[in-house]
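Single-letter residue listing:
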Amino acid sequence: MSISKALLLLLTFASSSRAEWNTTAVATIDGYINETRFGQSVAMTDNYAIVGAPFDGARKAYIFVISNGVWNTTAVATIDGYTSEDGFGIGISVSMTDNYAIVGAQYSSKAFIFAISNGVWSTTAVATIDGYTSETCFGVSVAMTDNYAIVGAAFPAPGTNKAFIFANTPQP
């Protein structure tokens, strides 16, 4: 498929006597070509969807919100000061809840956590592990709830294949 814009199909469950999944929306980013790998990783809740684009020039994750049955881009998760060489989102593992999103950046050995406040998504924390370098693939996989995040490090070397769990500790 030759694409001049990246596509992601968003499906919803339609209740009937037999289960059917129907296409309800197509998430697109205009002006992007297939080299961005938009859609390489995806996650969603009932209200939001996050789509990774690991080969986008700035290595981004796009957050969509549903309103009145229509999905629209609400935010672009980027990290100030990071370039494509820093590997933000490479592998681009993503996960989210209605309150938080996490984006793995395996080549910078970090996982960036975003929070939504008053409809605006912003970076709230950066998960790292001392001694883990870009070669350890920390951030290659991520998952989260509102209370916990888990970040995988899957480098084929003794002692580096681990998953790290982080707790959300509210600040006073």
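Residues numbered from 1 in each chain as written. Predicted model: local features only at pLDDT ≥ 70, side-chain atom pairs only at ≥ 80, totals over all residues. Heavy atoms only, no water.

### Here we look at unusual backbone geometry
If a residue is not glycine, its phi is most likely negative; likewise, a peptide bond is most likely trans. For Asn68, which is not glycine, the phi dihedral falls at a positive 55°. On the secondary structure map, Asn68 appears in the loop between strand 5 (60–67) and strand 6 (70–77). In the Ramachandran plot, Asn118 falls in the positive-phi region, its phi being about 55° despite a non-glycine side chain. Note on placement: Asn118 falls in the loop between strand 9 (110–117) and strand 10 (120–127). Using a relative accessible area of 79% as the deciding quantity, one classes Asn118 as exposed. (Helix = DSSP H or I, 4+ residues; strand = E, 2+ residues; numbered from the N terminus. Buried < 20%, exposed > 50% of the residue type's maximum accessible area, 1.4 Å probe, protein only.)

### Let's talk about the sheet that holds strand 5
Strands sit in the order 3-4-5-6 across an open sheet of four strands; the sheet is antiparallel. The strands lining the two open edges of the sheet, one partner per strand, are strand 3 (42–44) and strand 6. On average, adjacent strands in this sheet sit at an angle of 20° to one another, irrespective of strand direction. Here strand 5 runs beside strand 6; their pairing, made up of seven bridges, is antiparallel. Within strand 6, the residue paired with Ile63 across the bridge is Ala75. (Pairing = 2+ DSSP bridges. Axes fitted to C-alpha atoms, helices over the stretch in contact; angles between N-to-C directions.)

### Quick notes on the sheet that holds strand 7 (residues 94–96)
Taken in spatial order, the four strands make up an open sheet running 7-8-9-10, and their pairing is antiparallel. For this open sheet the edge positions go to strand 7 and strand 10, each flanked by a neighbour on one side alone. Strand-to-strand twist across the sheet, computed as the mean angle between neighbouring axes with direction ignored, equals 20°. Across six bridges, strand 8 (residues 100–105) lies against strand 9 in antiparallel orientation. Bridge assignment links Ala105 to a residue of strand 9, and that residue is Lys110.

### Thoughts on the layout of surface pockets
Its boundaries defined by the atoms lining it, the largest pocket holds a volume of some 310 Å³. Lining the largest pocket are 18 residues, and of these Ile113, Ala125, Ala167, Asn168 and Thr169 sit closest to its centre. Contributions of two or more residues to the lining of the largest pocket are made by strand 10, strand 12 (148–153) and strand 13 (162–167). With four residues, strand 10 is the single largest residue contributor to the lining of the largest pocket. Of the residues contributing to the lining of the largest pocket, the split by class is eleven nonpolar, six polar and one charged. (1 Å grid on protein atoms, 1.4 Å probe; cavity = no way out; pocket = protein on both sides within 12 Å on 5 of 7 lines; lining within 4 Å. Points joined across faces, edges and corners; volume = space filled by probe spheres on them. Nonpolar A, V, L, I, M, F, W, Y, C, P; charged D, E, K, R; others polar.)

### Overview of the pairing of strand 5
Sheet topology note: the strand 4 (residues 48–53)/strand 5 ladder contains six bridges and is antiparallel. Paired with Ile50 across the strands is Ile63, a residue of strand 5. The loop that links strand 5 with its antiparallel partner strand 6 comprises two residues; one of these, Asn68, has a positive phi angle of about 55°.

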